[in-house]
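Commentary on secondary and tertiary structure
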Amino acid sequence: LPPATLILAAAPLHRPDWGRSGTAAALAALLLPAALWAGRNATALGTPVPTSTRGGISLYAGLQMPLERLGRPVEAFFQPAPGRSELEADRDYRSAFSRLWKATPASDRLRAYAFNLGSVLYPFLPGYDATYAALVPLWLLGLAAALRRLPWLPAAFFVAASLVLYTVFGGPASRYRQGFAPLLILLAALGAERLIARFGARSASSGLAAWGV
């Protein structure tokens, strides 16, 4: 939602044919499901939560799980008391994260989050992410090119922001890259365009074929 909202809100800057009414209609269609979800939560939970009640456990898992994987001394994964509501359990997890953060040396926290980031970026998982591995050089090239092109800045910014978020929240899981995979595909297309412009279609195709092999 955040990158799409920003891109649509900025549409009149690069799509004058849209106009204000077209932009407003697109934004309304995009945000309607989030508004309905917030309404559901207002009814079910008593507060209009527009996103999720799982932020607490994601924050806690983002530190506890990599510490456990790395073999560092860490507590067993915290579980709230039975019968706690969604919001109460979320607060319990946030409190558990605060305790774990204070009990963990800064060096171990750095190792844990580096492990999370590496898990998201690691391209070579046999039988699972062949497409991702093939696109890595293209979207990295596209990311660099996007920083110099105003219409592409939202994609570049939200890939970077997503990497930060998935480093802190959720723990080591390469599947989190799926959340920003559409942006990686767009950036890979830009990277391919720049590659062809720089080396020509034949040389670029040969280089990509060699990378694929």
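Residues numbered from 1 in each chain as written. Predicted model: local features only at pLDDT ≥ 70, side-chain atom pairs only at ≥ 80, totals over all residues. Heavy atoms only, no water.

1. Considering the side chain of Asn 41
Inspection of the secondary structure assignment puts Asn 41 in helix H3 (residues 19-45). When residues no more than four places from it in sequence are discounted, the contact partners of Asn 41 are Gly 46, Thr 47 and Val 49. (Helix = DSSP H or I, 4+ residues; strand = E, 2+ residues; numbered from the N terminus. Contact = heavy atoms within 4.5 Å.)

2. Considerations on the environment of Arg 99
Along the polypeptide, Arg 99 turns up in helix H5 (residues 86-103). With a relative accessible area of 46%, Arg 99 lands in the partly exposed category. C-alpha of Arg 99 to C-alpha of Glu 86: the two residues are 13 residues apart in sequence and 20 Å apart in space. (Buried < 20%, exposed > 50% of the residue type's maximum accessible area, 1.4 Å probe, protein only.)

3. Re the environment of Ser 21
Structurally, the position occupied by Ser 21 is in helix H3. The sequence separation of Ser 21 and Trp 152 amounts to 131 residues, and the corresponding C-alpha distance is 23 Å.

4. Looking at the side chain of Asp 108
Its location among the elements puts Asp 108 in helix H6 (residues 106-121). Its relative accessible area of 7% is what places Asp 108 among the buried residues. Asp 108 has contacts with Leu 67 and Arg 72, leaving out every residue within four places of it along the chain.

5. Details of the layout of surface pockets
Size it by volume and the largest pocket reaches roughly 780 Å³. Considering the residues around the largest pocket, the lining is formed by 22 residues, among which Pro 2, Thr 51, Ser 162, Leu 165 and Tyr 166 are closest to the centre. Of all the secondary structure elements, the ones that give two or more residues to the lining of the largest pocket are helix H1 (2-9), helix H4 (55-69), helix H8 (153-168) and helix H9 (181-199). In terms of residue count, the dominant contributor to the lining of the largest pocket is H8 (5 residues). For the lining of the largest pocket, the class distribution of residues is 14 nonpolar, 7 polar and 1 charged. (1 Å grid on protein atoms, 1.4 Å probe; cavity = no way out; pocket = protein on both sides within 12 Å on 5 of 7 lines; lining within 4 Å. Points joined across faces, edges and corners; volume = space filled by probe spheres on them. Nonpolar A, V, L, I, M, F, W, Y, C, P; charged D, E, K, R; others polar.)

6. So, H8
Along its 16 residues, H8 runs 23 Å from first to last C-alpha, staying within 8% of the 22 Å computed at 1.5 Å per residue. Turning to H8, its buried residues number three or more, namely Pro 154, Ala 155, Ala 156, Phe 158, Val 159, Ser 162, Leu 163 and Thr 167. Contact partners of the buried residues in H8: H1, H4, H6, helix H7 (130-146) and H9. (Expected span 1.5 Å × (residues − 1).)

7. Here's the deal with the packing of H1 against H3
Contact pair H1 / H3: the axes reach a minimum separation of 9 Å and the direction vectors enclose 170°. One element, H1, and the other, H3, form an angle in the roughly antiparallel class. Facing H1, whose interface residues are Ala 4, Thr 5, Leu 8 and Ala 9, H3 presents Thr 23, Ala 26, Leu 27, Leu 30 and Leu 31. Classifying every residue of the contact of H1 with H3 by side-chain character gives 7 nonpolar, 2 polar and no charged. (Axes fitted to C-alpha atoms, helices over the stretch in contact; angles between N-to-C directions. Parallel < 35°, antiparallel > 145°, perpendicular 65-115°, else oblique.)

This is a description of form; function is not addressed.
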